[in-house]
Amino acid sequence: MSSPAPLRTSPPLIYSPQHSQAGNTATALNMSEQQKIHPADLEAAKPTTPLVPPNTSRSDNFNPSAPPPRRAIPVSHTRPPKKRTGCFCRCLCCSILTLIIIIIAIAATAGILYLIFRPKLPTYSVDRLRITSFSIDPNFNARAGFDLTVTAYNPNKKIGIYYEDGSSLSVLYDGASLCSGSFPVFYQGHRNKTTVTTSLNGEAQLGSQLISVLQQQQQTGSVPLKFKGDVPVKVKLGGLKLWKVKARVRCDLVVNSLTAGNLISLKASNCKFRLKL
């Protein structure tokens, strides 16, 4: 058998106090060189952004590795454009103001004219009704002819009245027009009374029942009639001739008979007058 190889041993270390002191000195010099701080390195290592924002305090939850908070940028909120109602409101106010001024001017003018002219309504009356013809055929058609006498009175001192063409006069019995005609055209001056006689003629379908009632009324001597007159007129204020208006006359009449040729008397006559613009 082969013999085992002999073990190699390192020579023993000989500890020397001088050697140990020199080693410690070299180690201390190396550590002092590593720990030496240079001014240039300190400026380079200075952080540009503070780890803790100003006016804040470090808390236990502060994370140095977190990015610094961003500065809040104010957001400008643009207002929605206003509706264009200002112009419309101004126009509406101007229109209302103009209308009020016109109304006030018209009222003031009317008041001045009233104080100057002192207008009064004219009066009308039916003075006489003469029957020229009246007959009833077998078909209950009534044919009538009347001569109507009307008196018109103008009480105004400074106002004249023009009676224009296009008038309509009629005499009715129980709503049926017995005859019709027109009012003459003329001018009526200040404080003037004019009596006008006009002829009315016509025909109406009365019916058997209405004819029977009419005959009974003639026997009692009380026959109700109605007179209607619509006459266009123009008013003259001094030298100013105004626009045309319509004069409406309504009269309730009562006569004693409708027999032609007999003397007819008016037992009642009540007339109303008004102007229609």
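Use the structure listed above.
Fair warning: this is a prediction, and the values are worked out from it, not measured in the lab.

Some points on empty space enclosed by the protein
- Per the counting criterion, the structure on display carries one cavity of 30 Å³ or more.
- Empty space within the largest cavity amounts to approximately 80 Å³.
- In terms of lining residues, the largest cavity is bounded by Tyr124, Val150, Tyr163, Leu169, Phe183, Phe227, Gly229, Val231, Ala247, Val249 and Phe273.
- Put simply, the parts of the chain that give the lining of the largest cavity at least two residues each are β8 (223-237) and β9 (240-255).
- Broken down by element, the residue count for the lining of the largest cavity peaks at three residues, all from β8.
- By residue class, the composition of the lining of the largest cavity is 10 nonpolar, one polar and no charged.

What to know about the packing of aromatic side chains
- Applying the stated criterion across every chain yields a total of six aromatic pairs.
- Look at Tyr163 and Phe186: their rings are 4.7 Å apart centre to centre, the planes differ by 25°, and that puts the pair in the stacked class. Here Phe186 lies in strand β6 (residues 186-188) and Tyr163 lies in strand β3 (residues 159-163), a separation of 23 residues in the sequence. Both residues of the pair, Tyr163 and Phe186, count as buried.
- Among the aromatic residues, those joined into a ring-pair cluster are Tyr124, Tyr163, Phe183, Phe186 and Phe273.
- Just above the ring of Tyr162 sits the side chain of Lys241; from NZ or CZ to the centre is 4.0 Å.

Some thoughts on the state of the cysteines
- Overall, the coordinates contain one disulfide when judged by the stated rule.
- Between the sulfur of Cys251 and that of Cys271 lies a disulfide, 2.0 Å long from S to S. Classification of the bridge connecting Cys251 and Cys271 rests on its S-S torsion, roughly 115°, and on that basis the disulfide is right-handed. Here Cys251 is found in strand β9, whereas its partner Cys271 is found in strand β10 (residues 266-276), with 20 residues between them in sequence.
- Exposure remark for Cys251: the relative accessible area of 1% places this residue in the buried category.
- By relative accessible area, which is 23% here, Cys271 ends up partly exposed.
- Lacking any disulfide linkage, Cys91 is separated from the closest cysteine sulfur, that of Cys87, by 4.2 Å.
- We classify Cys91 as partly exposed; its relative accessible area is 45%.
- Cys94 carries a free sulfur, and the closest cysteine sulfur to it, the one in Cys91, is 6.6 Å from it.
- Overall, Cys94 belongs to the partly exposed group, its relative accessible area being 48%.

The rules behind each value
Residues numbered from 1 in each chain as written. Predicted model: local features only at pLDDT ≥ 70, side-chain atom pairs only at ≥ 80, totals over all residues. Heavy atoms only, no water. 1 Å grid on protein atoms, 1.4 Å probe; cavity = no way out; pocket = protein on both sides within 12 Å on 5 of 7 lines; lining within 4 Å. Points joined across faces, edges and corners; volume = space filled by probe spheres on them. Helix = DSSP H or I, 4+ residues; strand = E, 2+ residues; numbered from the N terminus. Nonpolar A, V, L, I, M, F, W, Y, C, P; charged D, E, K, R; others polar. Phe/Tyr/Trp six-rings, centres within 6.5 Å; stacked < 30°, edge-to-face > 60°. Buried < 20%, exposed > 50% of the residue type's maximum accessible area, 1.4 Å probe, protein only. Lys NZ or Arg CZ within 6 Å of the ring centre and 35° of its normal. Disulfide = S-S within 2.5 Å.

Note that all results are geometric; they support no functional claim without further evidence.
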